[in-house]
Amino acid sequence: MGSEMCIRDRCYVGTVRLDQLSERFGEAIHVEWRAFLLRPESRERDRERFVDYTRSWQRPAATEPAANFTTPWTSDAPAPRGSIPAHVAWRTLAAELPGAADAYHHRLLTAYFTDNLDISDDAVLTDLAVEVGADRSAFAALLTEQRPSLTDVVIGEHNEAIGQGITAVPTMVLDDVLPVPGAQEVDTIAIWIQRLLDRRLGGS
């Protein structure tokens, strides 16, 4: 059974709950990450307005204790300029070090939501990649080399999601047939997954 989840600007709560579902169902499910860009354009953001925006993280923080939010933004780092760089960096690392892809995904989330780092900055993205086992110079070179082609991949996935009418943050698509919008409770998603698994077994 496949479980495809669209990453919408690094949804922290959704990732934590997918981790819990993966622990519960083991090899019965497979998680495939797809890109969705809340900030597809690259632009400087007004710091005061951005810090005020990060106060809204208090709501998801209250719904998922396992996700560690720092709110409001407390570091001196600027606000990320857009969503594409982190997606491209993740794909760069995942292609070269697939065994570290999940660790890098999680580190990107904590870098932004917990450490309040600018994950649109190449130097930050490289530092984080090194933390999960990448060679610094090799990763930096690949990030530069593969940026154009991987940017096209990320934008393509974003446009595909738009075409499918996906708007919620996050959205899971279970078995390519059942969209689950929003940060639903783990037990609720588990019921739907189990029903799909049971139906598959019943049809075999």
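Before reading further, recall that the structure is shown in the block above.
About the thresholds
Residues numbered from 1 in each chain as written. Predicted model: local features only at pLDDT ≥ 70, side-chain atom pairs only at ≥ 80, totals over all residues. Heavy atoms only, no water. Helix = DSSP H or I, 4+ residues; strand = E, 2+ residues; numbered from the N terminus. Rg over C-alpha atoms; globule rule 2.2 N^0.38 Å. Contact = heavy atoms within 4.5 Å. Areas by Shrake-Rupley, 256 points an atom, 1.4 Å probe, with all protein chains shown as cover. Salt bridge = Lys/Arg side-chain N within 4 Å of Asp/Glu carboxyl O. Buried < 20%, exposed > 50% of the residue type's maximum accessible area, 1.4 Å probe, protein only. Core = buried A, V, L, I, M, F, W, Y, C linked by side-chain atoms within 4.5 Å. Pairing = 2+ DSSP bridges. Axes fitted to C-alpha atoms, helices over the stretch in contact; angles between N-to-C directions. Parallel < 35°, antiparallel > 145°, perpendicular 65-115°, else oblique. Left-handed = near helix turned anticlockwise from the far one by under 90°. Phe/Tyr/Trp six-rings, centres within 6.5 Å; stacked < 30°, edge-to-face > 60°.

S.K.: In this structure, what is going on with the overall build of the protein chain? I would like to understand it.
M.R.: Regarding its fold elements, the protein chain presents 8 helices and 4 strands. Listed by position from the N terminus, the elements making up the protein chain come as β-α-β-α-α-α-α-α-α-β-β-α. Since a compact globule built from 204 residues should have a radius of gyration of about 17 Å, the 17 Å found for the protein chain is in line with a globular shape. Counting only C-alpha atoms and orienting by the principal axes, one finds that the protein chain spans roughly 55 × 35 × 30 Å. The contacts of the protein chain with a sequence gap of at least 6 include a subset with a gap of at least 24, amounting to 72%. Per element, the accessible surface of the protein chain, about 10,200 Å² overall, is 52% carbon and sulfur.

S.K.: What exactly am I supposed to notice about the pattern of salt bridges here?
M.R.: Pairing between side chains of opposite charge can happen when their charged atoms approach one another. One pass over the structure, following the stated rule, counts 12 salt bridges. Across the salt bridge formed by R55 and D52, the nearest N and O atoms sit 3.6 Å from each other. Of the charged contacts in the structure, one is a salt bridge between R147 and D122, with a shortest N-O distance of 2.6 Å. Of this pair, R147 sits in helix α7 (residues 136-163) while D122 sits in helix α6 (residues 122-131), and the two are 25 residues apart along the sequence. Its relative accessible area of 27% is what places R147 among the partly exposed residues. D122 gets classed as partly exposed once you look at its relative accessible area, which sits at 29%. Each of the salt bridges in this network shares a partner with another, and the network as a whole consists of E32, R34 and E160.

S.K.: Can you walk me through the nonpolar core in this structure?
M.R.: Soluble, globular proteins show a tendency: their nonpolar side chains are buried together. With 53 residues, the main nonpolar core has L21, L93, Y104, I119, F139 and I193 as its most contacted residues. Apart from residues lying up to four places away in sequence, L21 is in contact with G26, I29, M172, V186, I189, A190 and I193.

S.K.: Help me understand the pairing of strand β3 (residues 171-174), please; the structure alone is not making it clear to me.
M.R.: Regular strands show a simple pattern: their side chains alternate between the two faces of the sheet. Side chains T171 and V173 of β3 all project onto a buried face; the interleaved residues M172 and L174 project onto the opposite face, where all are buried too. Where β3 and strand β4 (residues 178-181) come together, 4 bridges link them in antiparallel fashion. Bridging from a neighbouring strand, M172 pairs with V180 of β4. Hairpin connection between β3 and β4: a loop of 3 residues separates the two successive antiparallel strands, and D175 in this loop has a positive phi of roughly 60°.

S.K.: Explanation requested: the packing of helix α4 (residues 84-96) against α7 in the structure shown.
M.R.: In helix packing, the relevant descriptors are the interaxial angle and the interaxial distance, both defined with respect to the helix axes. Contact geometry of α4 with α7 gives a least axis separation of 8 Å together with a crossing angle of 115°. Between α4 and α7, the interaxial angle falls into the category roughly perpendicular. The handedness of the crossing between α4 and α7 is right-handed. Contact residues: I84, H87, V88, A89, R91, T92, L93 and E96 in α4; F139, L142, L143, Q146, R147, L150, T151, V153, V154, I155 and E157 in α7.

S.K.: Would you explain the packing of aromatic side chains in this entry?
M.R.: What describes a pair of aromatic rings is the distance from one ring centre to the other and the angle between the planes of the rings. By the definition in use, this model includes 13 aromatic pairs. Relative to W57, the ring of Y53 lies with its centre 6.2 Å away and its plane at 85°, an arrangement referred to as edge-to-face. Using a relative accessible area of 30% as the deciding quantity, one classes Y53 as partly exposed. Ring centres of W57 and Y112 lie 5.2 Å apart, and the angle between their planes is 65°; on these two criteria the pair is classed as edge-to-face. One end of the pair, W57, is in the loop between α2 (47-54) and α3 (58-63); the other, Y112, is in helix α5 (residues 101-113), with 55 residues separating them in the sequence. Neither W57 nor Y112 differs from the other in exposure class; each is buried. Connected via pairs of aromatic rings, a cluster forms that spans Y12, F50, Y53, W57, F69, W73, Y112 and F113.

S.K.: I tried to follow unusual backbone geometry on my own but got confused; where do I start?
M.R.: Glycine aside, residues mostly have negative phi angles, and peptide bonds mostly take the trans form. With omega at 0°, the peptide bond leading from T71 into P72 counts as cis. Among the structural elements, P72 can be located in the loop between α3 and α4. Here the phi dihedral of N116 falls at roughly 55°; this positive angle occurs in a residue that is not glycine. Mapped onto the elements, N116 comes out in the loop between α5 and α6.

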